[in-house]
Amino acid sequence: AAALSAALAERGWQQASIVALQPGASTMSRRWPRSRFIRAAVQLAQAHPDLRFVVSGSPAEAVLCQEVAAGIEAAAPLAGGVRAWASAGQLPLIALPALMQHAHLLVTGDTGPMHLAVTLGTPVVALFAVSDPARSGPGYDLDKHLVIRKWRTCDPCFSKNCPYAEPICMDNITVDEVVAAAATILARKNA
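Let us look at the structure shown here. Residue positions within a chain follow its written sequence, with the count starting from 1. Where local features are concerned, this predicted model is filtered to residues with pLDDT of at least 70; where side-chain atom pairs are given and counted, the filter is 80 or more; whole-chain, interface and lining totals use all residues. Computation of side-chain values: all heavy atoms of the structure, hydrogens and water removed.

Further remarks concern the pattern of salt bridges. A side-chain nitrogen of Lys or Arg and a carboxyl oxygen of Asp or Glu constitute a salt bridge if their distance falls within 4 Å. All chains considered together, the criterion is met by 6 salt bridges. We note a salt bridge from arginine 34 to glutamate 67, for which the minimum N-O separation is 2.3 Å. One end of the pair, arginine 34, is in helix H2 (residues 34-47); the other, glutamate 67, is in helix H3 (residues 62-75), and 33 residues separate them in sequence. Summary of the burial criterion: residues with accessible area below 20% of their type's maximum are buried, those above 50% are exposed, and those between are partly exposed, where the area comes from a 1.4 Å probe applied to protein chains only. When its relative accessible area of 30% is taken as the criterion, arginine 34 is described as partly exposed. A salt bridge links aspartate 171 to arginine 36; its shortest N-O distance comes to 3.0 Å. Taken together, the positions of aspartate 171 in the loop between strand S6 (146-149) and helix H7 (175-190) and arginine 36 in helix H2 put the pair 135 residues apart, joining distant regions of the chain. Under the relative-accessibility criterion, arginine 36 is labelled buried at 15%. A run of H or I in DSSP becomes a helix once it reaches four residues, and a run of E becomes a strand once it reaches two; helices and strands are each numbered from the N terminus.

The set of buried Ala, Val, Leu, Ile, Met, Phe, Trp, Tyr and Cys residues whose side-chain atoms join them within 4.5 Å is what this entry labels a nonpolar core. Membership of the largest hydrophobic core comes to 40 residues, with the highest contact counts inside it found for Leu21, Phe53 and Val125. Elements that contribute at least two residues to this core include exactly strand S1 (17-22), H2, strand S2 (51-55), H3, strand S3 (84-86), strand S4 (105-108), strand S5 (124-128) and H7. Here, two residues are considered to be in contact whenever any of their heavy atoms come within 4.5 Å of each other. Those residues in contact with valine 125 that lie beyond four places of it in its chain are Leu105, Leu106, Val107, Thr108, Leu146, Ile148, Val178, Ala181, Ala182 and Ile185. Counting 23 residues, the second largest nonpolar core, distinct from the first, contains Leu4, Ala16, Ala117 and Val124.

Once that is clear, we can look at unusual backbone geometry. The step from aspartate 155 to proline 156 runs through a cis peptide bond, and the omega angle for that step is 5°. When you line up the elements, proline 156 lands in the loop between S6 and H7. In this model, aspartate 141 sits at a positive phi of 50°, which is unusual for a non-glycine residue. As for its placement among the helices and strands, aspartate 141 is situated in the loop between helix H6 (133-136) and S6. Residue classification places aspartate 141 among the partly exposed positions, given a relative accessible area of 36%. In this structure, serine 159 is a non-glycine residue whose phi angle is positive, near 45°. Along the chain, serine 159 falls in the loop between S6 and H7. Using a relative accessible area of 26% as the deciding quantity, one classes serine 159 as partly exposed.

Don't take any of this as a statement about function, it's just geometry.
What follows is the structure, given as structure tokens:
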């Protein structure tokens, strides 16, 4: 928690409304396109100018997270401050639970951080296409989380060996769907 507190203080985000974004995943087939994460965050920032975004991931995903954060910054700059921070490779793994607890919500594919957020009671917008949310999605507090599910596009599905850099089945999840789901969760927080 100390590492997170220091990182938030460094950015002046101690009281900020934070949305966590997890663009990476253990397999390419579970990743929503980075351009969609950026567009969704920009739309959310336009509707909720107070929002800040933490783009989380493993050290190996640092470049991906930096690209997403830079895209948000470029399209939705914050006067006199930073709107998006790529925490991947900067925030130690042990601080991830504190980040998830601090966030108003997490937007993610089928990932470990999704399960962590669910365990901690943080609402998630969970994005599924290849994997089945009935098997690996949020397991409880289902009224708190929103799952967006699309179907596999390829037959057969190569799943962990997906040939697409940005899986076309995950591409079927629209920015508008994710923004609407996130807005629903944010409205509950503010109610």
